[in-house]
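# Analysis of the macromolecular model
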Amino acid sequence: MRDIPPILDELEEEQRAEAEKFLVSFLNSLEVEADQSKQDKYAVWERNLDFLEGKHWRDGERPSGLAQLTINNLWRIVRQEAALLTDSRPTVKVVSRSSKLTDAAETLNKLVQAVFQKEHVDLLIVRSVFDMAVYGTAYWKVVWDPMANGGLGDIVIRRVDPRSVLQDDVLRLEDAWYIGQITDVPIVELRRRFPGRG
């Protein structure tokens, strides 16, 4: 079992600096571990992407005498699959166990449908089909974005590039001990989120 970093808010200032160093080291070790588990996948993903884009022959692979013409049926097949999958949209149904909460469940159903429509989930599904074709997996994240809706905050659904996801090397996502995303964050945003920290 890994050492889990202490909760920073419960520490004194000098202890907090040491705990932050430990936390950064801990997160870096998780990144290295997850990155090592994905090394074999990177080459396959790159090859899949090349095939989807019609680059079926790499430099030096094409036998001499063959025509330069490449017919990319794979792109057409993936587009057809995307069209079929977008016809059958995912649905979420909130059901109340208590008859007293039936009205609340109906309100939540309307809310879910409104969020799906506002966040263009049908377009996310199309992009996810392409992710599945290239990477074998697709990720979304549902988060509260305090800057959405003109700074009032709102629920947002975002596609996550599978290359940026870090997780345990497990077959099923449910079995993962951790999952995270590597993303670039501007310094201005970090200062806004963590005032007085640097």
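This text follows the structure it describes.
This report concerns the structure included in the present document. (Residues numbered from 1 in each chain as written. Predicted model: local features only at pLDDT ≥ 70, side-chain atom pairs only at ≥ 80, totals over all residues. Heavy atoms only, no water.)

This brings us to the overall build of the chain. Summing up its helical and strand segments, the chain has five helices and four strands in all. Put simply, the chain runs from its N terminus to its C terminus through helices and strands in the order α-α-α-α-β-β-β-β-α. Dimensions of the chain along its principal axes, counting C-alpha atoms only, are 75 × 50 × 35 Å. Taken over 198 residues, the chain has a buried fraction of 24%. Long-range pairs, those at least 24 residues apart, make up 45% of the contacts in the chain with a sequence separation of at least 6. (Helix = DSSP H or I, 4+ residues; strand = E, 2+ residues; numbered from the N terminus. Buried < 20%, exposed > 50% of the residue type's maximum accessible area, 1.4 Å probe, protein only. Contact = heavy atoms within 4.5 Å.)

One way to put it is that helix α2 (residues 73–87) packs onto helix α4 (residues 121–135) with a least axis distance of 9 Å and a crossing angle of 140 degrees. If you check the angle between α2 and α4, you find them oblique. Regarding α2 and α4, the two cross each other, and that crossing is right-handed. From α2, Trp75, Val78, Arg79, Glu81, Ala82, Leu85 and Thr86 reach across to α4, where they touch Asp122, Ile125, Val126, Val129, Phe130 and Ala133. (Axes fitted to C-alpha atoms, helices over the stretch in contact; angles between N-to-C directions. Parallel < 35°, antiparallel > 145°, perpendicular 65-115°, else oblique. Left-handed = near helix turned anticlockwise from the far one by under 90°.)

Trp45, Leu52, Val78, Ala82, Val129, Phe130, Val134 and Tyr135 form the largest nonpolar core, which has eight residues in total. Of all the elements in the fold, those that place two or more residues in this core are α1 (13–52), α2 and α4. Excluding anything up to four places from it in sequence, Val129 contacts Val78, Glu81, Ala82 and Leu85. Formed by seven residues, the second largest nonpolar core is a distinct cluster that contains Phe116, Val121, Leu124 and Ile157. (Core = buried A, V, L, I, M, F, W, Y, C linked by side-chain atoms within 4.5 Å.)

The next subject is the pattern of salt bridges. A complete count under the given rule lists seven salt bridges for this structure. What emerges from the salt-bridge pattern is a single network uniting Lys118, Glu119, Asp154 and Arg158. (Salt bridge = Lys/Arg side-chain N within 4 Å of Asp/Glu carboxyl O.)

Let us now look at the packing of α1 against α4. Working note: a packed helix pair is described by the angle between its axes plus the distance between those axes. Relative to each other, α1 and α4 sit at 120 degrees, their axes nearing to 8 Å. Classified by the interaxial angle, the pair formed by α1 and α4 is oblique. The segment α1 lies against α4, with Trp45, Asn48, Leu49 and Leu52 engaging Phe130, Ala133, Val134 and Tyr135. Residue classes in the contact of α1 with α4 are distributed as seven nonpolar, one polar and no charged. (Nonpolar A, V, L, I, M, F, W, Y, C, P; charged D, E, K, R; others polar.)

So, about the packing of aromatic side chains. Pairs of aromatic rings are described using the distance from one ring centre to the other and the angle between the two planes. Going through the model one piece at a time under the given rule, you end up with four aromatic pairs. For the pair Trp75 and Phe130, a centre-to-centre distance of 5.3 Å together with 35 degrees between the ring planes defines the contact as tilted. One end of the pair, Trp75, is in helix α2; the other, Phe130, is in helix α4, with 55 residues separating them in the sequence. The interplanar angle of 85 degrees and the centroid separation of 6.1 Å between the aromatic rings of Trp177 and Tyr178 together place this pair among those described as edge-to-face. (Phe/Tyr/Trp six-rings, centres within 6.5 Å; stacked < 30°, edge-to-face > 60°.)

The next thing to look at is unusual backbone geometry. Phi at His120 is positive, roughly 55 degrees, even though this residue is not glycine. Considering the arrangement of structural elements, one finds His120 in the loop between α3 (102–118) and α4. Under the relative-accessibility criterion, His120 is labelled partly exposed at 45%. Even without glycine at this site, Asn149 takes up a positive phi of about 55 degrees. On the secondary structure map, Asn149 appears in the loop between β1 (139–145) and β2 (154–160).

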